[in-house]
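A look at the structure
Here is what each chain is made of, one letter per residue.
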Amino acid sequence: MGIKIGTTVTDFVAQSNKGPISLNSYAGKYLVIYFYPKDNTPGCTIEAKDFRDLYAQFQQKNCEIIGVSRDSLASHTKFECKYELPFPLIADTDSKVCDLFEVINNKSIFGKTALGLVRSTFLLDPTGKLIAESRNVKVAEHAQEVVDFLR
């Protein structure tokens, strides 16, 4: 059930604010896929800006970044422009990518339990194999932890 550490992630094609994305197009590079609940919310904005600010360090490690939420392409485009994000944001409006990584789960929102996107990050090696995952991510220092893991 789900993707396990050490297994190859099944290729998918998804729409992003920078055009269609195929997982296979990142072959030969490390890839961070981070899932976040919603554009322009405090925690999600901090996380996106942290990945943006460390983007050059990720690239030095032969690593690309993809953000994923269930927001629309229009929302992603505004979010990307507002914060000058150098990486694509997948508009997973049908939750197919979220379902592949099993990041839609029960979570507590204002004291009530509801299904929602749980902030999670996955790191794939250059062959597309999952080598690390973080679920229920705390935003503070997370992007730095991921880049440090690559070292």
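Keep in mind that this is a model prediction, so the values were computed, not measured. Throughout, a residue's number is its position along its own chain's written sequence, starting from 1. The predicted nature of this model means local features are confined to residues of pLDDT at least 70 and side-chain atom pairs, given and counted, to a pLDDT of 80 or more, with totals for whole chains, interfaces and linings taken over all residues. The side-chain quantities take in all heavy atoms of the structure and omit both hydrogens and water.

**Re the overall build of the protein chain**
Inclusion rule: Note on conventions: DSSP H or I runs of at least 4 residues are helices, E runs of at least 2 residues are strands, and numbering of each starts at the N terminus. Whether a residue is buried, partly exposed or exposed follows from its accessible area with a 1.4 Å probe, protein chains only, as a fraction of its type maximum: under 20%, in between, or over 50%, in that order. Should any heavy atoms of two residues lie within 4.5 Å, those residues are considered in contact. Note on charges: Lys and Arg go in the positive column, Asp and Glu in the negative column, and His and the chain ends are not counted at all. Charge placement uses NZ in Lys and CZ in Arg. For Asp and Glu, CG and CD serve respectively.
Counting its secondary structure elements, the protein chain contains 5 helices and 9 strands. Reading the protein chain from its N terminus to its C terminus gives the helix and strand order β-β-β-α-α-β-α-β-α-β-β-β-β-α. The principal-axis extent of the C-alpha atoms belonging to the protein chain is close to 40 × 35 × 30 Å. Relative to its 151 residues, the protein chain shows a buried fraction of 45%. Pairs at least 24 residues apart make up 65% of the contacts formed inside the protein chain by residues separated by at least 6 positions. Between the averaged position of the 18 positive side-chain charges in the protein chain and that of its 18 negative side-chain charges there is a distance of 3 Å.

**What about the environment of asparagine 136?**
The topology assignment puts asparagine 136 in the loop between β9 (130–135) and α5 (142–150). By relative accessible area, which is 54% here, asparagine 136 ends up exposed. Along the backbone, asparagine 136 and valine 103 are 33 residues apart, and their C-alpha atoms lie at a distance of 9.3 Å. Not counting chain neighbours up to four residues away, the residues in contact with asparagine 136 comprise Val118, Arg119 and Ser120.

**Details of the side chain of arginine 119**
For arginine 119, the position within the fold is in the loop between β7 (112–117) and β8 (120–124). Leave out the neighbours within four places in its chain, and arginine 119 touches Phe35, Tyr36, Pro37, Gly43, Cys44, Glu47, Ser134, Arg135, Asn136, Val137 and Val139.

**Focus: helix α3 (residues 73–83)**
Operational definition: Arc, as used here, means the arc of the directions from the helix axis to the C-beta atoms.
Those residues of α3 lying buried are His76, Phe79, Glu80 and Tyr83. Taken around the axis of α3, the buried residues stretch over an arc of 95 degrees, which confines them to a single face. Among the exposed residues of α3, those pointing more than 90 degrees away from its buried face are Lys78, Cys81 and Lys82. On the buried face of α3, the contacting elements are α1 (42–53), β4 (63–69) and β5 (89–91). Remark: glutamate 84 follows α3 within two positions and exhibits a positive phi of approximately 50 degrees.

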